[in-house]
Structure formats: structure tokens, C-alpha cells
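Summary of structural features
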Amino acid sequence: MGLGSYLRNIADTVVTIADGLAVTASHLVRKPVTVEYPDRVPDGVRVQDTLPFRYRGMLEVDLEICTACLACERACPIDCIVIDAVKDKAAGGLVMTRFDIDMAKCMYCGLCSEPCPTGAIHHTPEFEGADYSLESLVRRFVKEPTLAYRPKKGGETDPVLAPLLERGLAYVSDFADPDRSGSGA
Amino acid sequence: MGLAGFEVEVQRQTEGGGLVTEDMTLNMGPQHPSTHGVLRFVVRADGEVMKEALPDVGYLHRSIEKIAEKVGWHGFLPYTDRVDYVAAMFCNHGWAMACEQLAGIAVPRRGEYCRVIADEMCRLHSHLLSVGSMAMDLGAFTPFTHAIREREYLNDLFEELCGARLTFHYMRIGGVGWDLPPGFGDKLAHFLDRFEPLIDEYDRLISYNKIYTERLAGVAVISPQDAIDYNLVGPNLRGSGIRYDVRRDDPYSVYPELDFEVPVGRGELGVLGDCFDRYIVRVREMRESCRILRQCLRQIPDGPVIAKVPRNFKPPAGDCYVRVESARGDMGWYVVSDGTAFPHRCKIRTGSFAAISMIPRLSRGLMLADLVAVIASLDLVAPEIDR
Amino acid sequence: MSELVDRLVANGTLPAVLPLWVWQLGAMVLFGSIVVFLFVLPVAGITTWVERRIMARMQSRIGPNRTGPVGFLQWLADGVKNLLKEDIVPAAADARLFRAAPYVVIVGFVATFAAIPFSSALIIADLDIGILYVTAVTALVVVGILMAGWSSNNKWALLGGIRSAAQIVSYEIPAGLSIFPAVLLAGTLSMQGIIAAQGPAPWQWFVFDNPFAFCAFVVLFTASLAEGNRTPFDLPEAESELVAGFATEYSGMRNLLFFMAEWGNLYVIGAIATTLFLGGWQIPWALEGHPVLRHLLETLTFVVKASVVGILLPIWLRWTLPRVRVDQMMVMCWKYLVPIALVNLLGTAMWVVAFPNGLLPIRLALLALTVCAAALFVRRVIFHLRNARLGREHLSFNPLATARSPG
């Protein structure tokens, strides 16, 4: 190794190290980007509310607008949704006795919420699901046998059901539709 | 070691004066801070210099290919995310393309553009992690955190696009799952404006740092012929000077309409095909991805984003092989259909599997510290190797 | 210190029933204990807090902020946690060596404090061979590390121990050679003597005395980093390769002792560099009539200088640079640092012969060069900030800043 390359090595080392030190020093005066979750977020702000609309958090079922079509049960690749629905002539339609989602198995893929006709089953921005026992992760949505929902022609007028249906349909129609054109970026 | 077929031949030498020396057998076990994922290497070393490093794979095998036969065509898409969770969009894309080819479905142009946007964002995502982990493995922890910080901004964009940060499940058979949300183009453009200068800053912090280049230049040289013989793909292949990119040479989707360079290694700081070349190819690919993303945002047409695909999808019997240019290179999907609602067989060919097969050959004569650099420069990810 | 004891015995405060040397010894032990428990251990602990907060800001994050007001009690919590951990001695390890190794390392580190000055009178033992003693005693750490690496019965630990032994032993040479220019300029090996030969003003420090002494400072700093196992020379504990190197099998308090030795050693690095090259505890005012104030100011000056050079600068380097490889580290020592250190030594010797009182213009010129380099550096920092398109609203000069908005 000649003297020239020897000195050049030393010069390279010093210059590149100094540049790296300058970058790090410039970071020292930048604002940190840490969000001090969970106990020091700004007052009145729930992190869940800041998440985007499509966020695939924990599943939620609005049983009032569930039609018991079982499309979600068929679509789930892991079989974590179990629905028991029987035809009951006396009650006037399908009666659901069980709607269980095993959140421990769920992989948050969204395949169940796509085919739902009313958007009853949908993902929420909720992500804080940690618990102490595996059994508590099975979410049982049916408290007592419930009559399945029948969509009304001409829109829903019930004041309780209408907003649920509106929200559910907005969620489901957000998915890509072969008949709908998008534009722009 | 005790594993059949895994006996390491320990050599003993008698030096002058009757001093008997023996090789050291080390276990760089499945839990190790710098094997990217659960990989195990049985290293036979003479002090610091390695004689051989045998990889032991399979710790992350999850039978994903078999699962495909159980969950059906649509149901397998979320599983493809887990094939390579660092670059999940490409796996989605490969499976979706295979299904479309089997069934003869044409994806609408806007859907293809959405796919390319998602793919290139994912390439940035994966390369940031790769480049950051490489720096961390070599001892520089700060560049890793900077890369992760930029990844967080990308994660925010992905959340808006498809609702998830790691296992995207963005693509569907026939197109994509959601159209670009309103305002996405502006947010992505804003991110790119912020991000491109930071690649330069990253270069100044670590890429051309003398200590870093000394660690990488001339280490684990893969000659172009070796790269082809061992089936390397992606940045590993391009680092050895071979300008092969599936997006350019076997184009799919709308890549023919996009204008981008394919960076190759030039041996600028050492020998052609060394660790530094593979590393710098990834950094340059990040810049090209930014370029592609800007073009897509300008050129994206109007239209639907998904074709009509029956929910009970039954492609005709037959087979197909499709390739996508994943962040880790050419990812091949060989799918066989027997006409039912469940695939008959799905075989995934990944770049990391070929790359890890080259480690015993590369590791001869390297030092232990270089093994870490080699693993990082080949960008091995365990989920891709084991599936 | 010894004069203080002499005076107290002379005026009867300490009864003369015991001979003088007993009182001297007792005073040394007492002062030593005070220094160790009230200075060395807290400094080792607080350095970890400072390091974690500074490194976090360099990485756009905050660092410890939950235990204590700004995470200040984090090091205490870590200490308590380590005390409560299960004390594991691997079954196949050499138990006696395994148990003894951390103590050897700690002794090698704490013993240096016997000769490190805090102010003109505050030094446990003002040895005539002060700096030589410090260099010799820090070499004890090698023995401890080798013991730890070997007795762990773990190949990775062994590799770490051997690497460390090679590293520390090799870098003793340039470190020792770089100490000599300061000794030549001062004419004595005594720590207090070397400081007394310098002055309070920056151009009276040895570092700016002549170009060779300046290079010697840089070489000394680099070699000390290597001796202290700090990045870029932290191969013995290379986290990504050897998990924890020689300390892999250690848990609980034994592990903590190793790390305390490493972080406390930062202060020793700074103290030695300050003593030899940066004017030590010299302050501009004589303050004859106020000994307490004088010693307080001197101690403060010394601690601040040692902290900047020994704690802040290594932290900055650690979190910027990657690690060198073993053979590259050896090349750097033997092919680069040793020849440069020899040249510095010869150059300083010639300078001392040619200009016995130094040349003020050269001193001022070196100081001016350093200030210019610092100004260029600040300009480069501003360039990086502009390049990242950051305006004033993205900056925060508050070291205790937090960012409290999600999303």
C-alpha cells in the first residue's frame, strides 16, 4: 500500500465519519415522532378514532341487521365463524341461536365482511383485544335467539336500524365493485 | 449435532511440535439476533475463520402450500401474505395472477395500476427493512431506526389503502380489493417528496461510511456465472452485474407502460458481486420505485378496479406458472387446477431459498462477522425460505 | 488529601494515639468509598440514562420516559431488577472463575479512580506515577474478560473473550504511546502535575500545544474507545453476532457489573483525556480565600470536560458508526494507530526540545482551526436539515421534548 492510498484511507475515514456524525447530530435537534401510547396521548383523543375507515381491527357484528345468510361463515378460510340458524315458521323466518367468532383464530383478512349483504359483520378500528384467557376471545354475539333481519323494499325506516344499515352498506360498498368506475388518484 | 445427514466433519490438524488443533463447531441457532427470522447455521470454524456454514432450514415451515388445497382459491389470498410477510403484496399479486391466467380473466387497467402502486410501495417497504437490518447487523443501530421510521409512514398509507400494516390482502382474483381512497394520491406524493431526500441522507449516514464499506466491499463475491448457476434472482443477481428483472424481461401487469431503470452492481468499491453491490442495488431500487410510483399516480386511468369473478371460483383444469418481481427477486407460482373449487397443487418458488443454498459455498474462508454480512446482503427472510 | 490529614492530626482534631500512616490510610479508604459509592456507581448508572435519552433523540424517539420524571430512575429500576434476577451459573461452567470474573473487571475499573483527580486537592492518592498506574490497572480488565469468556463454557463467549483480549492488549500500545506527548510536555507522570502544567484558557491546554499533541489526543481517544469496548470497536459484545459476547452466560448482578464497568469506563476515558490534554480542573480565577468555592468550580470544570469528551462523544460515535471486524480492528491498530502514535511521540519530543515554552501563534492557530472545523460541521448539520426539507417547526431544541399526538 503506497503512502498515497494510506493517507487517502485516513482521509476517507475521517470525512465519512464526520458526515455520518453530522446526520446524527441533525437528528438530535429534530422533533421525535414517538406517540406515547397508551397513557399520554392528548386528552380526548382515542387512538382508535384516528385510524382510517378501512382499518381491519377486531370484528363486530350488528346482529340487528344480520340476515343469517351464512355468507361470512362460508367465506372464512379458517372457520372461525360459527352460526346456528334454523327456520322457525312461528317466528316468521330464520332464528339465530348462535353467532360465535373465535377472535383467537381470526386472521383479520376481511373475507367475511366482503360478501355481507347488509354490512352487519365488519371490522372496527378496535385493536386492544389482549386478554388473560383464550376462552374469553370467543365473541358470542347472540344473547337470546334472534330473528334474522329481512331487508325492506324501499329502504329501512326504523330509527334504530337505519343508521346501522347505512353504516354497514357504506362499509360494504367501499369494496371494489366491477360495475363501479373509480377516477383520479 | 445428532441430526441424520447433518454431521459436520470436524478436521484435526497436527501442527509442528505435535500441537493438535481441531475445528470449532458453532451453532448459530434458530434464536439469534441477526439471522433474519428463524434460521439455523451450523458453522465449522477455525477460530474466527469459517470453513463451512451449513444452513438448517425448516423452523418456520407452516405448510402453506398444502393449506392452499384446503381453503380454496379466494380463501388462500390472505395466506399468501404470510408466505413472505415482509413483502406481502407481491405474493398476493402472484397468486391472483396465477388464478387469472388459469381462468382467463383480464384485470381492468385501473386495477392493474392499483396493483403496481401497491407493489412498488411494498418494494420500498421491504427494501427499507432489508437495508436497515443490514446496517443493524453490522452494528449501526441508528440507520435501522431511521428506516423503520420511514416505514411507519408507509404503514400509514397502507392502512388507508387496505386496512392492514403487514398482511395486506389487498389484491383479489380479478383486480384489487379496494379502489384508491380519496386523497391517497396527494398523500403518496407528499410521502415521496419527503422520502426521496431521505434516501440520500441515509446514503450519507451509512452507505458510504468507510467502516461500513470496508465490512462489505470484496466480501462474499458472487461471480455472474455462479449467480446464474445457483439460481439467484432479484437484487442478488443484479448485484453480480446481470441486468435481469422480470418487470423488464418478462413483463406483466402495466410495467411495459412505465419507464424505469434496472440498477445493477458495478463493483464500484470492491469486486463485482460483493456484499456492497447487493446492498447498493437495493438502495438504488428504492429510488426507482419512487419514480415508478410518481408515474403511476400521473398515468392511472379511470375505470373499475376489479373484474367480475364468481364467488364460487372454479378455473378449468390445467396448470400455469407466473412470475412476479418481488422485492427479493423473481417469485414463481406454479398452480395446478383440477376444475374444482380447491387448487390441486400450489408450488411457490422463492428467491431466498436459492440464496440460502449458496451460503455453504460463500462462507468458505469468511470470518464469522462476515457471515452476518452475507446473510443480510442476500436479504434472506425465513418465511420465504420455509413457507 | 494528605496535607489535610496532616493538618488535622497536627492541630489535634484526630488524636495522635494512632500513628500518622493509619490516619492517612483511613482517610484514603473513606474518601475512596465516598468516591466509589457516591460518584462512580451513580455516574455509571446515570450514564446509561444519558445514553439512552441521547441515542433516542438521534433515532427520532424519546427514550425512557416512564420511570421517574423523565425516565431518570430507569437505571435504578434496572439495577433493582438485576439484583432480583435468578443467579444462574451454568452447570458445565468453571464456577470459581465464572463467579470471580465480574469482580476482576470491576476492580480493574474502580481502581483507576484512586488516581483520578477531581480538583486541585480532591484526589484519593496523588501518585508520582499517576498516569502510569491508571494505564496499568485498566489492563486488569483483560484478565477478567478472558476469565468470563473461558469459564462460561460457551463457544460464543469464548470467541468474545478472545476477541476482547486481543483488542485491549493491542490498543494498549497506541494509548500508551499517546500518553507520552502529554508527559513530555508536562515533564511529570503525576496527574496533578500534568494538569498544573496546563492553564485554564483553551490555548494553554496540551491538545493545542502543537500539531503532534493534537494528533496524540485523537489517537488516545480512539484507542481508549477500543479499550472500553465501545462501538465501533464493540466486537467482544457484538450483539448481532455473539448475542452478548463474553457476558452471554451471565445474568442478574454479575451481568450488571460488566455493564457498569463498561459505562463507568466512559468517565475514566474522559477523565484521562481531560487530565492529559484538556487542562483538567484549571479555572481562570485563583479564589485564594474561598477554598470550598474554588474546589467546587474545579470539580465542576473537570466533570463537565470529562463528560463531554468521555460520555457525549462516545455516545454520539456509538450510535452513528457500524462495527469493525476483528482483522480490520487489528489492521487499524497496528498499521495506522501505532505508526501515527510513534510519529506523534517523536514530533512532540522534537518540539519540546526546539520550543521549550511552546509557540503561542501555533497554539492559537490550532485553536482557530478547531473552531473553524466545528463551524463547518455545524454548517453541514444545517445542510442535512435543509436537505430533509425541515423547517423551524420540525425542530426541537428541548432535550426533554416529547411528541404527544397520535396519527
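Residues numbered from 1 in each chain as written. Chains lettered and ligands numbered in written order. Predicted model: local features only at pLDDT ≥ 70, side-chain atom pairs only at ≥ 80, totals over all residues.

**As for the overall build of chain C**
Each helix and strand counted, chain C has 14 helices and 0 strands in total. For chain C, the succession of helices and strands along the chain, N to C, is α-α-α-α-α-α-α-α-α-α-α-α-α-α. Relative to the globule expectation of 22 Å for 407 residues, the C-alpha radius of gyration of chain C, 23 Å, shows essentially globular dimensions. Overall size of chain C, expressed as C-alpha extent along the three principal axes, is 65 × 55 × 45 Å. (Helix = DSSP H or I, 4+ residues; strand = E, 2+ residues; numbered from the N terminus. Rg over C-alpha atoms; globule rule 2.2 N^0.38 Å.)

**As for the overall build of chain A**
Of regular secondary structure, chain A possesses 4 helices and 6 strands. Element order for chain A, N to C, with α for helix and β for strand: α-α-β-α-β-β-β-β-β-α. Taking 185 residues into account, the globule formula puts the C-alpha radius of gyration at 16 Å, and chain A, at 27 Å, lies well above it. Seen through its C-alpha atoms, chain A measures out along the principal axes to roughly 100 × 45 × 40 Å. Pairs at least 24 apart in sequence give 78% of the contacts found in chain A among residues at least 6 apart. (Contact = placed C-beta atoms within 7 Å.)

**Observations regarding the interface of chain C and chain A**
Frequently, the measure chosen for interface size is the accessible area removed from exposure when the parts meet. With 27 residues of chain C at the interface, the matching set in chain A holds 28 residues. Within the residue set of the side of chain C that touches chain A, elements represented by two or more residues are α2 (20-58) and α14 (360-387) of chain C. Residues that form the side of chain C that touches chain A fall into these classes: 15 nonpolar, 8 polar and 4 charged. (Nonpolar A, V, L, I, M, F, W, Y, C, P; charged D, E, K, R; others polar.)

**Things to note about the confidence of the model for chain C**
Low pLDDT marks stretches whose predicted atomic positions should not be read closely. Chain-level pLDDT for chain C is 87 on average; 96% of the residues reach the 70-or-more range. Here the complex is predicted with pTM 0.91, and the ipTM for its interfaces comes to 0.90. (pLDDT = per-residue confidence, 0-100.)

**Comments concerning helix α6 (residues 140-151) of chain C**
All names here are of chain C. With 12 residues, α6 extends 17 Å between its outermost C-alpha atoms, agreeing within 8% with the 16 Å of an ideal straight helix rising 1.5 Å per residue. Taken across its 12 residues, α6 has 10 buried, putting it largely inside the fold. Those residues of α6 that fall on the buried side of the exposure criterion are V141, V142, G144, I145, L146, M147, A148, G149, W150 and S151. The secondary structure elements touched by the buried residues of α6 are α4 (95-110), α5 (130-138), α7 (155-186) and α11 (252-277). Positive backbone phi, at 55 degrees, marks N153, one or two positions downstream of α6. (Expected span 1.5 Å × (residues − 1). Buried ≥ 20, exposed ≤ 12 C-beta atoms within 10 Å, placed from the backbone.)

**A short note on the sheet that holds strand β9 (residues 329-337) of chain B**
Residue and element names in this part refer to chain B. Ordered by their spatial adjacency, 3 strands build an open sheet running β8-β9-β10, and the pairing between neighbours is antiparallel. Each having just a single partner strand, β8 (318-326) and β10 (345-349) make up the two edges of the open sheet. Put simply, the sheet's adjacent strands are angled 15 degrees from each other on average, direction ignored. (Pairing = 2+ DSSP bridges. Axes fitted to C-alpha atoms, helices over the stretch in contact; angles between N-to-C directions.)

**A closer look at the domain arrangement of chain C**
Residues and elements named next belong to chain C. For chain C, the domain assignment lists domain 1 (88-355) and domain 2 (359-402). In this structure, domain 1 and domain 2 have C-alpha centres spaced 27 Å apart. For the side of domain 1 that touches domain 2, the per-class residue count stands at 6 nonpolar, 1 polar and 1 charged. (Domains from an automatic or database assignment.)

**So, the sheet that holds strand β4 (residues 40-46) of chain B**
All names here are of chain B. Taken together, 3 strands build an open sheet; the order of strands is β3-β4-β5 and the sheet is antiparallel. With one partner strand each, in any of the chains shown, β3 (24-28) and β5 (49-56) form the two edges of the open sheet. The sheet shows a mean angle of 20 degrees between the axes of neighbouring strands, taken without regard to direction.

**What to know about the environment of A68 of chain A**
Residues and elements named next belong to chain A. By the element assignment, A68 lies in the loop between β1 (59-61) and α3 (71-75). Here the alpha-carbon distance between A68 and V95, two residues 27 residues apart in the chain, equals 8.1 Å. Setting aside chain neighbours within four positions, we find A68 in contact with I83, A85, L94, M96 and A148.

**Quick notes on the interface of chain B and chain A**
Between chain B and chain A, the contact holds 39 residues from the first and 33 residues from the second. Secondary structure elements with two or more residues in the side of chain B that touches chain A: α1 (64-75), α5 (141-162), β7 (175-176) and α6 (184-207) of chain B. Class assignment for the residues of the side of chain B that touches chain A results in 17 nonpolar, 10 polar and 12 charged.

**Considering the nonpolar core**
General note: in soluble globular proteins, nonpolar side chains tend to be found buried as a group. V374 of chain B together with V105, A273 and F277 of chain C are the most contacted members of the largest nonpolar core, which has 231 residues in total. Counting residues per element, this core draws most heavily on α11 of chain C, which supplies 15 residues. (Core = buried A, V, L, I, M, F, W, Y, C linked by C-beta atoms within 7 Å.)

**What about α2 of chain C?**
The terminal C-alpha atoms of α2 of chain C, which comprises 39 residues, lie 54 Å apart, in line with the 57 Å expected from a rise of 1.5 Å per residue. If you look at α2 of chain C, its biggest bend is around 35 degrees, right at V36 of chain C. (Bend = angle between axes of the 7 residues up to and from the residue.)

**Describing the pairing of β8 of chain B**
Residues and elements named next belong to chain B. Two strands pair when backbone bridges link them, and β8 and β9 are joined in this way by 9 bridges, in the antiparallel orientation. Counterpart to C320 in the pairing with β9 is V335. Between β8 and β9, which pair antiparallel one after the other, the connecting turn spans 2 residues.

**Quick look at unusual backbone geometry**
Most peptide bonds take the trans form, and the phi angle of most residues other than glycine is negative. In the segment running from Y37 of chain A into P38 of chain A, the intervening peptide bond is cis, with an omega of 0 degrees. Positive phi values are uncommon outside glycine, yet A220 of chain B reaches one of about 55 degrees. Checked against the element boundaries, A220 of chain B lands in the loop between α7 (210-216) and α8 (224-229). Residue classification places A220 of chain B among the buried residues on the basis of 24 C-beta atoms within 10 Å. Even without glycine at this site, R389 of chain C takes up a positive phi of about 55 degrees. Examined against the element boundaries, R389 of chain C turns out to sit in the segment after α14.

**Overview of the packing of helix α9 (residues 211-227) of chain C against α11 of chain C**
For any two helices packed against each other, the geometry comes down to the angle between their axes and how far apart the axes lie. Residue and element names in this part refer to chain C. Contact geometry for α9 and α11: axes closest at 10 Å, N-to-C directions at 165 degrees. In terms of their interaxial angle, α9 and α11 are classed as roughly antiparallel. Judged by the twist between their axes, the crossing of α9 over α11 is right-handed. Mapping the contact onto sequence places A213, F217, L220, F221 and S224 in α9 and I269, I272, A273 and F277 in α11. (Parallel < 35°, antiparallel > 145°, perpendicular 65-115°, else oblique. Left-handed = near helix turned anticlockwise from the far one by under 90°.)

**Focus: the environment of T112 of chain C**
All names here are of chain C. Relative to the elements of secondary structure, T112 occurs in the loop between α4 and α5. C-alpha separation for the pair T112 and D94, spaced 18 residues apart in sequence, amounts to 28 Å. Residues contacting T112, with those up to four places away along its chain left out, are V134, V137, T138 and V268.

**Overview of the packing of helix α4 (residues 109-137) of chain B against helix α14 (residues 368-377) of chain B**
Residue and element names in this part refer to chain B. Where α4 meets α14, the closest approach of the two axes is 9 Å, and the angle between their N-to-C directions is 175 degrees. Viewed along their axes, α4 and α14 adopt a mutual orientation that is roughly antiparallel. Contact residues: S133, M134 and D137 in α4; V372, A376 and S377 in α14. Taken together, the residues that form the contact of α4 with α14 break down as 3 nonpolar, 2 polar and 1 charged.

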